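Results of the structural survey
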Amino acid sequence: MNSTSTTSSVTWYRRPRPNRAPDGFAARLEDAIDLLKLAASYTPCAFAQSLSAEDMVIFHLIAEHNLPIQAIALDTGRLPEATLELWNRVEAMYSRRIERIEPTAAHIEELVDMRADSGLYESKTVRAYCCELRKTAPLRAALSGKQAWVTGLRRAQSTGRANVGTQEFDTSFQLLKFNPLINWADEDVWFYIDKRHIPHNSLYEIGYASIGCDPCTRPIRENEHPRAGRWWWEQSASDSIHSECGIHVATFANSTIKDVP
Ligand code: SF4
């Protein structure tokens, strides 16, 4: 698909290509590095990523500063080919592993038996159960025993993320959670990716603004909400809250975390 279709006159999303640093970018970058250093002081700490654009920025910063944070990613069994290709490319380029987290064979069998692949479009319950077994349950197991985890959450991604803090206690997974890019705008992410030649998913170049599993991700039109291409069949035209997979729904302000240096 081309980013602009001549047959249907649809204009697809084009990622930002800022040619200079957005206002305040240097301070946001410094804050992100400081927060990653703080996260790394909680041992063991994991960086759970989906190889999104913001995750690639964080992965780059962890590598550049040689921080003792273990990179992990969910291989749900339904990732787009482009994401799997990026996974290999990033590991080779940085000479750092991204540990593969997968659903159990028993859970996959359960989903196959209930025909979840087709049912997820017909039932939000089936879709949520698929996310639980392919994503949340394996992540919960992977985070067990960790003191802290790092994510690429940004407030600008959705209304549901508007009040997320830079550091929180994750009540769902029962550990500290650090969100170093929480205040970054799209322009910040793409400015830094282009400036530092950071590898990124090729789907961003053909209309995708947010990328998850293949059956649940589509490109978006210009002016659509950035997460409109995720679980789009569950959104109504007036719905301003976009669906989540369940991984980031229960995190909250802390009073026990050390101050950011
Ligand atoms: S995003 Fe879609 S395919 Fe992936 S785990 Fe959730 S429902 Fe299943």
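First things first, this report covers the structure right here in the doc. Every value quoted in this text rests on a predicted model; they were computed, and no experiment measured them.

Quick look at the site of the ligand
- Every residue close to the ligand is listed here: Arg127, Cys130, Cys131, Arg134, Lys135, Cys213, Cys216 and Trp231.
- Counted by class, the shell around the ligand contains five nonpolar, no polar and three charged residues.

Description of the side chain of histidine 200
- Within the secondary structure, histidine 200 sits in the loop between α7 (186-196) and β7 (251-253).
- Histidine 200 sits in the buried class, given a relative accessible area of 17%.
- At 2.8 Å, the side chain of histidine 200 forms a polar contact with the side chain of glutamate 205.
- Dropping the residues within four chain positions of it, histidine 200 is found in contact with Arg15, Met56, Leu86, Arg89, Trp190, Ile193 and Glu205.

Focus: α7
- Three or more residues of α7 are buried, namely Asp188, Val189, Trp190, Phe191, Tyr192 and Ile193.
- Buried positions along α7 lie against α1 (25-40) and α2 (53-64).
- Positioned one or two residues after α7, histidine 197 has a phi angle of 55°, which is positive.

Quick word on the packing of aromatic side chains
- Considering all chains together, one arrives at ten aromatic pairs under this definition.
- Between the aromatic rings of phenylalanine 59 and tyrosine 94, the centroid separation amounts to 5.3 Å while the plane-to-plane angle is 90°, which identifies the pairing as edge-to-face. Taken together, the residues phenylalanine 59 in helix α2 and tyrosine 94 in helix α3 (residues 81-94) connect sequence positions 35 residues apart.
- On the numbers, 4.7 Å between centres and 65° between planes, the contact of tyrosine 121 with tryptophan 233 is edge-to-face. Placement of tyrosine 121 in the loop between α5 (116-119) and α6 (124-143) and of tryptophan 233 in the loop between α7 and β7 is noted, with a sequence separation of 112 residues between them.
- Here tyrosine 121 falls in the partly exposed class, since its relative accessible area comes to 38%.
- Assessed through its relative accessible area of 24%, tryptophan 233 is described here as partly exposed.
- Pairwise contacts between aromatic rings join Phe25, Trp184, Phe191 and Tyr192 into one cluster.
- In this arrangement the basic side chain of arginine 127 is found over the ring face of tryptophan 231, its NZ or CZ atom lying 4.8 Å from the centre.

Cut-offs applied
- Here, residues in each chain are numbered from 1, in the same order as that chain's written sequence.
- Confidence filtering applies because this is a predicted model: local features only for residues at pLDDT of at least 70, side-chain atom pairs given and counted only at 80 or more, and all residues used for totals across whole chains, interfaces and linings.
- Side-chain numbers come from the whole structure's heavy atoms, not from hydrogens or water.
- The cutoff for a nearby residue is simple: one of its non-hydrogen atoms must lie within 4 Å of the molecule or strand.
- We call Asp, Glu, Lys and Arg charged. Ala, Val, Leu, Ile, Met, Phe, Trp, Tyr, Cys and Pro are nonpolar, and the rest, Gly among them, are polar.
- The secondary structure listing takes helices from DSSP runs of H or I that are at least 4 residues long and strands from runs of E that are at least 2 residues long, numbered from the N terminus.
- Exposure is judged per residue with a 1.4 Å probe applied to protein chains only, and the accessible area is read against the type maximum: over 50% gives exposed, under 20% gives buried, and values in between give partly exposed.
- For the purposes of these results, a polar contact is taken to be a pair of N or O atoms within 3.5 Å, where, inside protein, one atom must be able to donate a hydrogen and its partner to accept one; residues adjacent in sequence count only when each atom of the pair is a side-chain atom.
- By the convention used here, residues are in contact when the closest approach between their heavy atoms is within 4.5 Å.
- Aromatic rings from Phe, Tyr and Trp, taking only the six-membered ring of Trp, are treated as a pair when their centres fall within 6.5 Å; an angle between ring planes under 30 degrees marks them as stacked, one over 60 as edge-to-face, and anything in between as tilted.
- Geometrically, a lysine NZ or arginine CZ counts as sitting over a ring once it is within 6 Å of the ring centre and also within 35 degrees of the ring normal.

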